[in-house]
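Working through the structure, step by step
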Amino acid sequence: MSDELIWRIAGGSGDGIDSTSQNFAKALMRSGLDVFTHRHYPSRIRGGHTYVEIRAADREVQSRGDGYNCLLSLGDSFARNPQEEAYYGNEEIKPLSENLDELREGGVIVYDEGLISEEDVEAVNLHERAEENDWHVFPVDLRGLAKEHGREVMRNTAGVGVTAALLDMELEHIEDLMSDAMGGDILESNLEILHEAYEMTQEEYDFEHDLRVPEGSHETEQALLSGSNAIAYGAIDAGCRFIAGYPMTPWTDVFTILSQNFPDMGGVSEQVEDEIAAAALAVGASHAGVKAMSGSSGGGFALMSEPLGLAEMTETPLVLVESMRAGPSTGMPTKPEQADLEHVLYTSQGDSQRVVFAPGNIEEAYEQTRLAFEIAWDYQIPAIVIYDQKLSGENTNVDVEFFDREPQPDLGSTLTEEELREAAHDNSGKFKRFNHEDAENGVAPRSIPGQKGGRYLATGNEHSPVGHISEDPDNRVAQMERRLEKLESIRAELDEERDSTQTYFGPEDAEYGIITWGSSQGAVAEAIERLNAQGHSVKGISVSDMMPFAEKEVTEFLESVDEAMVVEMNATAQFRGLIQKELGRFGDKMTSLLKFNGNPFEPAEIVEGYEVNLADEDRQPTAQVRIEPAAGD
Amino acid sequence: MSAFNAIGEEREIDRDEYTPGVEPQPTWCPGCGDFGVLKSLKQALPEVGKTPEEVLTVTGIGCSGKLNSYLDTYGFHTIHGRSLPVARAAKLANPELEVIAAGGDGDGYGIGGNHFIHTARENHDITYIVFNNEIFGLTKGQTSPTSPKGHKSKTQPSGSAKTPLRPLSTSLNAGASYIARTAAVNPNQAKEIIKEAIEHDGFAHVDFLTQCPTWNKDARQYVPYIDVQESDDYDFDVHDRAEAAEMMRETEDVLNEGTVLTGRYYVEDDRPSYSQEKHAVGEMPDQPLAERYFDDDAEWERSYDLLDRHK
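Keep in mind it's a predicted model, so treat the numbers as computed, not measured. Once a new chain begins, its residue numbering starts again from 1 and follows that chain's sequence as written. The lettering of chains begins at A and the numbering of ligands begins at 1, in the order of writing. Reporting of local features is limited, given that this is a predicted model, to residues whose pLDDT is at least 70; pairs of side-chain atoms are given and counted only at 80 or more, and all residues count toward the totals for whole chains, interfaces and linings. The side-chain quantities take in all heavy atoms of the structure and omit both hydrogens and water.

Scanning chain B for helices and strands turns up 9 helices and 8 strands. Throughout, the radius of gyration refers to the C-alpha atoms, and the reference size of a globule is 2.2 Å times the residue count to the power 0.38. For chain B, whose C-alpha radius of gyration is 20 Å, the value lies close to the compact-globule estimate of 19 Å for 311 residues. The C-alpha extent of chain B, read off along each of the three principal axes, is 70 × 45 × 40 Å. For chain B, with 311 residues in total, the buried portion stands at 60%. In chain B, of all internal contacts separated by at least 6 residues, the share reaching a separation of at least 24 is 72%. As presented, chain B carries roughly 12600 Å² of accessible surface, and 47% of it is formed by carbon and sulfur atoms. Neither His nor the chain ends is counted toward charge; the positive residues are Lys and Arg and the negative residues Asp and Glu. Note on charges: their place is set at NZ of Lys, CZ of Arg, CG of Asp or CD of Glu. Side-chain charges in chain B split into 30 positive and 52 negative, and the spacing between the mean points of these groups amounts to 10 Å. In DSSP terms, a helix is any run of H or I states spanning at least four residues, a strand is any run of E spanning at least two, and both are numbered starting from the N terminus. Note on exposure labels: buried denotes an accessible area under 20% of the residue type's maximum, exposed denotes more than 50%, and partly exposed covers the range between, all computed with a 1.4 Å probe on protein chains only. The criterion used for residue contact is that any of the two residues' heavy atoms lie within 4.5 Å. Shrake-Rupley sampling with a 1.4 Å probe provides the accessible areas, and residues are treated as covered by the protein chains on show and by no other component.

This part is about the overall build of chain A. The helix and strand tally for chain A stands at 22 helices and 22 strands. Taken against the 2.2 N^0.38 rule, which gives 26 Å for 633 residues, the C-alpha radius of gyration of chain A at 27 Å falls within 12% of a compact globule. Overall size of chain A, expressed as C-alpha extent along the three principal axes, is 90 × 60 × 55 Å. For chain A, buried positions account for 63% of its 633 residues. Expressed as a percentage of contacts within chain A between residues at least 6 apart in sequence, the contacts between residues at least 24 apart total 78%. Working note: accessible area of chain A is about 23000 Å², and carbon and sulfur atoms make up 42% of it.

All right, on to the side chain of Lys595 of chain A then. All names here are of chain A. Examined against the element boundaries, Lys595 turns out to sit in the loop between strand E21 (590-594) and helix H22 (603-615). Here the side chain of Lys595 touches Pro600 through a polar contact of 2.8 Å, landing on its backbone oxygen. Polar contacts, as counted here, are pairs of nitrogen or oxygen atoms within 3.5 Å of one another; within protein the pair requires one atom able to donate a hydrogen and one able to accept it, and residues that are adjacent in sequence qualify only if both atoms are side-chain atoms. Within polar-contact distance, the side chain of Lys595 engages the side chain of Glu605 at 2.9 Å. Sequence-distant contacts of Lys595, that is, excluding residues within four places in its chain, are made with Glu568, Met569, Asn570, Pro600, Phe601, Glu602, Glu605, Gln624 and Val625.

Attention now goes to the environment of Lys195 of chain B. Its location among the elements puts Lys195 of chain B in helix H6 (residues 187-199). For Lys195 of chain B, a relative accessible area of 16% gives the class buried.

Now for the sheet that holds strand E17 (residues 512-517) of chain A. Residues and elements named next belong to chain A. Overall, mixed pairing links the 6 strands, which are arranged E16-E18-E17-E20-E21-E22 in an open sheet. Each having just a single partner strand, strand E16 (503-505) and strand E22 (626-628) make up the two edges of the open sheet. Neighbour-to-neighbour, the strand axes of the sheet open up by a mean angle of 20°, direction not taken into account. Bridging between E21 and E22 involves 3 bridges; their strand directions are antiparallel. What sits directly across from Leu594, in E22, is Arg626. Where helices are involved, their axes are fitted lines through C-alpha atoms of the stretch in contact, as for all axes, and angles between N-to-C directions lie from 0 to 180°. Against the sheet, H22 makes contact with E17, strand E18 (538-543), strand E20 (563-568), E21 and E22, and its axis sits at roughly 145° relative to E20, the strand it touches most. At least two bridges found by DSSP between two strands is the condition for calling them paired.

A word on the packing of helix H11 (residues 275-287) of chain A against helix H2 (residues 83-93) of chain B. To describe two helices that pack against each other, one gives the angle between their axes and the distance between the axes. For the pair H11 of chain A and H2 of chain B, interaxial distance at closest approach is 7 Å and the crossing angle is 45°. In terms of orientation, H11 of chain A lies oblique with respect to H2 of chain B. The two elements H11 of chain A and H2 of chain B meet at a crossing, and its hand is right-handed. Two secondary-structure elements touch here, H11 of chain A through Ala277, Ala280, Leu281, Gly284 and Ala285 of chain A and H2 of chain B through Pro85, Val86, Arg88, Ala89, Ala90 and Ala93 of chain B. Angular relationships are summarised with four words: roughly parallel below 35 degrees, roughly antiparallel beyond 145, roughly perpendicular across 65 to 115, and oblique for the angles in between. When the near helix sits turned anticlockwise from the far one by under a right angle, the crossing is termed left-handed; a clockwise turn instead gives a right-handed crossing.

Time to look at a negative patch on the surface. All names here are of chain A. The grouping of Glu148, Asp185, Glu188, Glu192, Glu196, Glu199, Glu203 and Glu204 at the surface amounts to a negative patch. Broken down by element, the negative patch gets its largest block of residues, 7 residues, from helix H8 (residues 184-204). Summarising the element assignment, Glu203 is placed in helix H8. Its relative accessible area of 66% is what places Glu203 among the exposed residues. Patches in this entry comprise residues that are over 30% relatively accessible and not in a salt bridge; like charges within 9 Å are linked, as are nonpolar side chains (Val, Leu, Ile, Met, Phe, Trp, Tyr) within 5 Å. Salt-bridge detection follows one rule: a side-chain nitrogen of Lys or Arg within 4 Å of a carboxyl oxygen of Asp or Glu.

Looking now at the interface of chain B and chain A. On the side of chain A, 79 residues touch chain B, which itself brings 59 residues to the contact. Two parts placed together each lose some accessible area; with a 1.4 Å probe, that loss summed over both constitutes the buried area. Contact between chain B and chain A buries roughly 5800 Å² in total, counting both sides, with carbon and sulfur atoms accounting for 59%. Counting across the interface, chain B meets chain A through 9 salt bridges. Among the salt bridges present, the one from Lys278 of chain B reaches Glu270 of chain A, with a minimum N-O distance of 2.9 Å. Our count for the chain B to chain A interface comes out at 31 residue pairs in polar contact (both at pLDDT 80 or more). Listing elements by their share of the side of chain B that touches chain A, those giving two or more residues are strand E2 (74-77), H2, helix H4 (113-122), helix H8 (274-280) and helix H9 (289-292) of chain B. For the side of chain B that touches chain A, the element with the highest residue contribution is H2 of chain B, accounting for 7 residues. Direction of pairing for strand E15 (residues 457-459) of chain A relative to E2 of chain B: parallel, over a ladder of 3 bridges. Bridging across to E2 of chain B, Ala458 of chain A finds its partner in Phe76 of chain B.

What follows is about unusual backbone geometry. All names here are of chain A. Note that the residue after Gly327, namely Pro328, is joined by a cis bond; omega there is -5°. Structurally, the position occupied by Pro328 is in the loop between strand E11 (318-324) and helix H14 (341-346). Here the bond from Met547 into Pro548 is cis, since omega is -5°, no more than 30 degrees from zero. Relative to the assigned elements, Pro548 resides in the loop between strand E19 (545-547) and helix H20 (551-560). A positive phi angle is found at Asp134, which is not glycine, with a value near 55°. Position of Asp134 relative to the elements: it lies in the loop between helix H4 (126-133) and strand E6 (136-140). Looking at Asp134, the relative accessible area reads 44%, which means it is partly exposed.

This part is about the sheet that holds strand E1 (residues 55-59) of chain B. Strand order across the open sheet formed by 9 strands is E15(A)-E2(B)-E1(B)-E3(B)-E4(B)-E6(B)-E5(B)-E8(B)-E7(B), with mixed pairing between neighbours. Edge strands, defined here as strands with exactly one partner in the open sheet, are E15 of chain A together with strand E7 (225-227) of chain B. Ignoring strand direction, the axes of neighbouring strands in this sheet form an average angle of 20°. Across the face of the sheet, helix H1 (residues 34-47) of chain B comes into contact with E1, strand E3 (98-104), strand E4 (127-132) and strand E6 (204-209) of chain B while running at roughly 155° to E4 of chain B.

All names here are of chain A. Running from N to C, helix H6 (residues 155-166) and H8 point in directions that differ by 35°, and their axes come no closer than 7 Å. At the point where H6 passes H8, the crossing takes the right-handed sense. Along its contact with H6, which presents Thr157, Ala158, Val160, Gly161, Val162, Ala164, Ala165 and Leu166, the element H8 presents Asn190, Ile193, Leu194, Ala197, Tyr198, Thr201 and Gln202. Polar here means any residue outside two lists: the nonpolar Ala, Val, Leu, Ile, Met, Phe, Trp, Tyr, Cys and Pro, and the charged Asp, Glu, Lys and Arg; Gly therefore counts as polar. Partitioned by chemical class, the residues of the contact of H6 with H8 number 10 nonpolar, 5 polar and no charged.

Residue and element names in this part refer to chain B. You can see Asp34 is positioned in helix H1. The buried charged residue Asp34 lacks any salt bridge partner; its closest oppositely charged side chain belongs to Lys66, at an N-O distance of 9.1 Å. With residues near it in sequence (within four places) discarded, Asp34 still touches Trp28, Cys63, Ser64, Phe131 and Thr210.

Structure follows, in structure tokens:
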């Protein structure tokens, strides 16, 4: 019995890969397994090589793993009849040929011989390679099977039936999920195809392979969520009821989820003309007394730097999310990267400040989105949640109890009309909204337009306590100092009053450290587990607090190890740079392991990077990763 | 009626309530047309029965952006060209606020041109006053989108090669439901038009001609003007889109030749405002969103109920 199943379904975009894999993952989760999904897709609507990988095991799975062991290749139905030398070429065979490199020894292949011809199969040397790698190949006419009992598009279902039989998996959960999603004739045809494929496989094939679905043991109810779901739900529970945005992959998911749910909960969603407007709308709604957010990906976020600075200067609470994809410019729209860190930390003019959290998994995405709202409204400062295409799209199971938390619609440091009556006003009766005289933690409580006794002017210019434009040097210094105090106060609150948002791995007394941030966390965690199992002494920290920086935790971590490797998905070691800038030392202790080819880290690459680093060899790892030596202080 | 606290009684609202009791004094140049806008607003707001606390004025950058520094309402002085997105979100968040956005011709028709088109298209229930003096004032006299062709400035020393933007026609084509032009030199008309614009339920665009005595000395100071509604030479139906379009075209053709026409150009009373449209499709709450946060009895839904589809 294999201890994990990594099932990959491949086809063309538009072939239903997503919905099929979602159901398959849920079925595995319902059978008590932990699951993790990884999605690979091109920036195209129809056709083009796409796959979803589902890793399932009876233990926590935090990454896609290394390679996979079961392939369901459907063929790319949208790549049929291509024009000679057309832009996309003949890609019909790609769902099979493009996936062979990562298939593990002893793996199982099911391909649709209704779409992929024997000729094509020979052209990619499948049989030869299968013999070398002990692969078990099952060509099945999935297309024909689907046509016979229903419609051609149902070949997904036929494929699921075949692999389920080959893996000795019960159909019960799959049937339930199908019944939830469809009805009538469509459901009937699908069920018929599923059973036909299942039984046919059991009768006609020998299962000499030893790959089976592991037995799962979850006792509590689980939910399968993506990072985008977690961020959207975190926002809902934080009391967010206004979102404005402009579509851009991969941020669109969060925008869509909230747009679909807000009408039922009295919230407002606006799709607007551009990202400058989107963030400015969020500022306007927040100013008028609603918890509001906006977000984008790198290119769209670039446009938001104006309203971001406006929110900071006018002390309007605001939450933005930034889902990174590979850049510069339009880059690779559907591929992850962690290269917008400096962009998010430093964009906007002047000594502008914001809070930045970088969640590393689904639970953290939920928690830190909630935290971002809380901090933003308590301290009247913009807060940004930075994550990437990987975390955005990957699904993992979470105990449903985790989400059992009360909503928090509190507007933070906002006064009621009763409180406003007691607050400081100037001679003309204007509310001293930007009062720096007795501000606590840098925060001067605000009023909301419409409230009696709260009139003031919010301005992006430097301003006096009631909001009038002012270039008075004393006022300038007082206002700047008060605003600058916020980040220090937030740092103190995070250190003293809250549980750490940093996540640790491995034994505390380990000699070697791995530091990472954001969505690389899972692969790092798994690599550390493997290294320690091999007898190495390694521990890790995944940092979430980018600004204010997790100074205390990272200092302690770096002091406790002899050497450290910083793992991140970018080419210029941005996070290592941040550590050196913030701490002003440890430059000679850190090397970098970088990857920027559009694919996330796999645990084996981190293990290899560690080995190369430790051996102090003058070589690069074999995978598409880079080692950058220590820079010194 | 106030958003958070109904006044509960009729009372006369004094014009002085809109004037800050102490500093700041306007920094506009003597003779600046911007004074005219400020004065008209101070006259119009009490007449439409709004207290300073029920009004949010949102401005952009430039001389016009200082309007709400001298007008004692709630105010948000934003950034260059971005007053409209801020204003329309504030209105969506709290429909009971009277939201007035203002900016200059550079701010509103140049850098904010995209927002102008889309706000008009969506017909948000806000008033938008554009201080149109055909020049960049605060940055010291550069050519603006409404400067006449051939206009010489430090940045276009040989004279502008660009045809000026047609604000009224642009607004009509984009979808504004109330469009008027008035001038600082015509205070009575200006007050009436601003009152109408505020009371109009939809996007009300007022192109407010304001003279710039410092940087645009050569330009006509918008006198004499002709009120199109009062003149026998111009007879058209303001509710008729085609006739309005024709009138706008004529006006915009002659504006730079010394003839200044002002007045209402287009009024569409039966078009639902954006929030009404949004409400009709089920995407706007019945009660002002902002009020829920101050309502202790409001029920806040949580994500837990959404988890079913993920199980």
